[in-house]
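Survey of secondary and tertiary structure
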Amino acid sequence: MIARVTGSRSFPPGFLWANATAAHQVEGNNTNSDWWAFERQQGRIHGGDVSGLAVDHYNRYREDFALLRKQRNNSHRLSIEWSRVEPSRGEFDSRQLRHYRDVLGELREQGLSPMLTLHHFSNPLWFAAKGGWAAPGAHEVFLPFVRRVVEELGDLVSLWVTINEPNIYATQGWIFGSWPPGRRNDIRGLWRVLGNLRLGHEAAYQAIKERLPDAAVGLAHNKFWLVPARPGNPLDRVAAQTGHRMMDFWPVAGRRMLRTVAASSDFIGLNHYSGRLVRFDPLRPGSQFVRQLNPPGYPVSDFGDAVKPDWMRDALLDLKQFSKPVYVTESGIAAEDDELRQRFLPEVLGEVWAAIQKGVDVRGFYHWTSMDNFEWAHGYRMKFGMIAVDPKTLERTPKPSSALFARFAQANALPEAAE
Ligand code: FCB
């Protein structure tokens with residue numbers, strides 16, 4: 001039974017209530033991707049986990065979409081796996097394209113409008129072997145895949161995300177070494193990757209719009225929110241601003257990433273999870289003289305991040321300057337304890353609602369994620385889902401947060417704040 005929500009915090013008509021996933025994290029048997037190979041190197045993934053069958057979404061997508069429909073979702077964000085569609089350079093697998101036609105068709109039949117991501121971290125092995133996104137002209141190698149997808153599946157998709165989180169992808173792979181290709185402190189590599197991803201975004205934007213002028217195309221940008229630990233302290237303020245600048249920087253243009261991206265986007269996709277207080281610390285030259293802290297008094301997710309939903313409002317208000325529609329393309333928490341998620345959801349959605357009242361044109365909220373899944377270098381340990389998946393039987397069981405989300409989605413509203 002889904003209780004009715006009666007309250008005045010209504011969302012705009014047509015607001016999208018949804019979840020987000022990425023192919024590699026849910027499909028299973030994604031054997032032709034650089035992640036598959038990376039997972040097999042010792043010490044890469046927490047506890048020696050490998051994605052393996054993941055949650056077998058490749059075969060169980062009908063059942064999974066039915067659960068989302070029950071959860072009153074009206075949209076779903078998913079990614080198409082490049083390494084399946086183009087297993088060797090220039091060779092496209094029509095069977096896989098047909099598979100994704102079935103997936104997208106099924107979504108639509110279940111009343112979920114697809115938001116399709118073209119690149120969500122994983123690459124074909126042949127592309128990675130040639131230097132991946134750090135190689136000159138990488139964006140030109142990406143483009144035939146984009147064109148083929150648009151040609152064959154474009155009639156089923158009106159919302160597109162070109163690339164997921166260029167800043168996180170480049171930093172994890174070329175600075176921290178925790179994702180493929182596992183490089184550390186490779187600043188030149190980072191630079192090249194960010195530059196090529198920007199070109200990849202722009203080329204993909206053009207390719208989609210040429211064929212589908214009415215489609216809405218954007219990029220999912222990760223915004224980790226940084227706040228001066230001592231607001232009156234100028235050094236803390238500089239540290240926080242520098243952090244923001246680094247996160248938003250897009251090297252080809254030498255300008256704020258978001259400004260450049262916004263110029264070739266119909267909307268801005270915001271992935272926002274958490275943030276930190278930053279404090280200048282002369283004793284930490286190795287960390288750019290900065291210490292990062294969680295704000296005291298807030299719950300902490302299993303990721304170690306503070307659960308402080310009002311940062312969502314701040315991040316959304318920061319996007320107002322671009323005068324574009326915004327989708328929250330990801331937001332969620334790693335929490336084994338679903339009660340934390342049940343507290344988080346109304347709070348974070350309340351902040352989205354508040355940002356809308358202040359004039360940010362937010363059109364949808366994509367919760368990360370529907371089912372607990374393969375969380376990259378953290379393996380299966382981190383649980384972001386509103387639906388639990390039994391690791392042995394793969395049986396799906398919606399958590400209480402799932403029914404809660406359904407109430408809000410059905411009402412297109414939140415209860416009164418005090419309720
Ligand atoms: C984001 C990724 C997504 C997932 C969440 C927890 O950075 O886009 O794939 O891993 O974090």
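Since this is a predicted model, take the numbers as computed values, not measurements.

What follows covers the overall build of the chain. A tally of helices and strands in the chain yields 14 helices and 17 strands. Structurally, the chain occupies a C-alpha span of about 55 × 55 × 45 Å along its principal axes. Buried residues in the chain amount to 58% of all 419 residues. The long-range fraction of contacts in the chain, counting pairs at least 24 apart against all pairs at least 6 apart in sequence, stands at 76%. As displayed, the chain has an accessible area near 17,400 Å², and 51% of this comes from carbon and sulfur atoms. Each charge sign in the chain was given a centre, from 51 positive and 46 negative side chains, and these centres are 5 Å apart.

Another point: the site of the ligand. Taken together, Q25, H120, F121, N164, E165, Y273, E330, W368, E375, W376 and F384 are the residues near the ligand. Contacts to the ligand include Q25, whose side-chain N or O atom sits 2.8 Å from an oxygen atom. Here the ligand, which alone exposes 290 Å², has 93% of that area covered by the protein. Tallied by class, residues from the shell around the ligand come to five nonpolar, three polar and three charged.

By the criterion of burial, strand 13 (residues 326-331) is predominantly enclosed, with six of the six residues buried. Where strand 10 (residues 267-271) meets strand 13, four bridges bridge the pair, whose relative direction is parallel. Residue pairing for strand 13: I268 is matched across the bridge by V326. Note: strand 13 against strand 14 (residues 362-368), four bridges, orientation parallel. For S331, the partnering residue across the bridge sits in strand 14 and is H367.

It is worth spelling out empty space enclosed by the protein at this point. Following the criterion strictly, the structure yields three cavities of 30 Å³ or more and no others. Estimated volume of the largest cavity: approximately 80 Å³. Residue lining of the largest cavity: 13 residues in total, with E27, H57, L78, S79 and Y100 positioned closest to the centre. Going through the elements one at a time, helix 1 (23-26), helix 3 (57-70), strand 3 (75-79) and helix 5 (94-109) are the ones with two or more residues in the lining of the largest cavity. A23, H24, S79, I80, E81, W82, L118, H119, H120 and S122 together form the lining of the second largest cavity. Mapped by element, the contributors of at least two residues to the lining of the second largest cavity are helix 1 and strand 4 (113-119). Of the residues in the lining of the second largest cavity, the class split is four nonpolar, five polar and one charged.

So, about unusual backbone geometry. With omega at 5°, the peptide bond leading from P180 into P181 counts as cis. Along the chain, the position of P181 falls in the loop between helix 8 (166-174) and helix 9 (187-211). Residue T369 is reached from W368 by a cis peptide bond, and omega for that bond is 10°. Looking at the element boundaries, T369 is found in the loop between strand 14 and strand 15 (387-389).

Another aspect to go through is the pattern of salt bridges. With the rule as written, the count across this model stands at 21 salt bridges. R198 is paired through a salt bridge with E202; the nearest N and O atoms lie 2.9 Å apart. Taken together, the positions of R198 and E202, both in helix 9 and four residues apart, correspond to about one turn of that helix. Judged by its relative accessible area of 14%, R198 falls in the buried class. Put simply, R313 and E351 hold a salt bridge, and the shortest N to O gap is 2.7 Å.

This part takes up helix 13 (residues 338-357). Quick reminder: α-helices carry 3.6 residues per turn. Residues three or four places apart thus point the same way. Look at helix 13: 29 Å from first C-alpha to last across 20 residues, which is about the 28 Å you get at 1.5 Å a residue. Where helix 13 begins, the capping side chain belongs to D337, and its oxygen is found 2.9 Å from the backbone nitrogen of E339. In the segment just after helix 13, G359 is the residue with positive phi, at about 100°.

The contact between helix 7 (residues 138-153) and helix 9 brings their axes to 9 Å, and the two run at 25°. One finds that helix 7 runs roughly parallel with respect to helix 9. At the point where helix 7 passes helix 9, the crossing takes the right-handed sense. Along the contact surface, helix 7 presents A138, H139, F142, L143, V146, R147, V150 and E151, while helix 9 presents N196, L199, G200, A203, A204, A207, I208, E210 and R211. The residue makeup of the contact of helix 7 with helix 9, split by class, is ten nonpolar, three polar and four charged.

The rules behind the values
- Residues numbered from 1 in each chain as written.
- Predicted model: local features only at pLDDT ≥ 70, side-chain atom pairs only at ≥ 80, totals over all residues.
- Heavy atoms only, no water.
- Helix = DSSP H or I, 4+ residues; strand = E, 2+ residues; numbered from the N terminus.
- Buried < 20%, exposed > 50% of the residue type's maximum accessible area, 1.4 Å probe, protein only.
- Contact = heavy atoms within 4.5 Å.
- Areas by Shrake-Rupley, 256 points an atom, 1.4 Å probe, with all protein chains shown as cover.
- Lys, Arg positive; Asp, Glu negative; His and termini not counted.
- Charge placed at Lys NZ, Arg CZ, Asp CG, Glu CD.
- Near = heavy atom within 4 Å.
- Polar contact = N/O pair within 3.5 Å; in protein donor to acceptor, adjacent residues only side chain to side chain.
- Nonpolar A, V, L, I, M, F, W, Y, C, P; charged D, E, K, R; others polar.
- Pairing = 2+ DSSP bridges.
- 1 Å grid on protein atoms, 1.4 Å probe; cavity = no way out; pocket = protein on both sides within 12 Å on 5 of 7 lines; lining within 4 Å.
- Points joined across faces, edges and corners; volume = space filled by probe spheres on them.
- Salt bridge = Lys/Arg side-chain N within 4 Å of Asp/Glu carboxyl O.
- Expected span 1.5 Å × (residues − 1).
- Axes fitted to C-alpha atoms, helices over the stretch in contact; angles between N-to-C directions.
- Parallel < 35°, antiparallel > 145°, perpendicular 65-115°, else oblique.
- Left-handed = near helix turned anticlockwise from the far one by under 90°.

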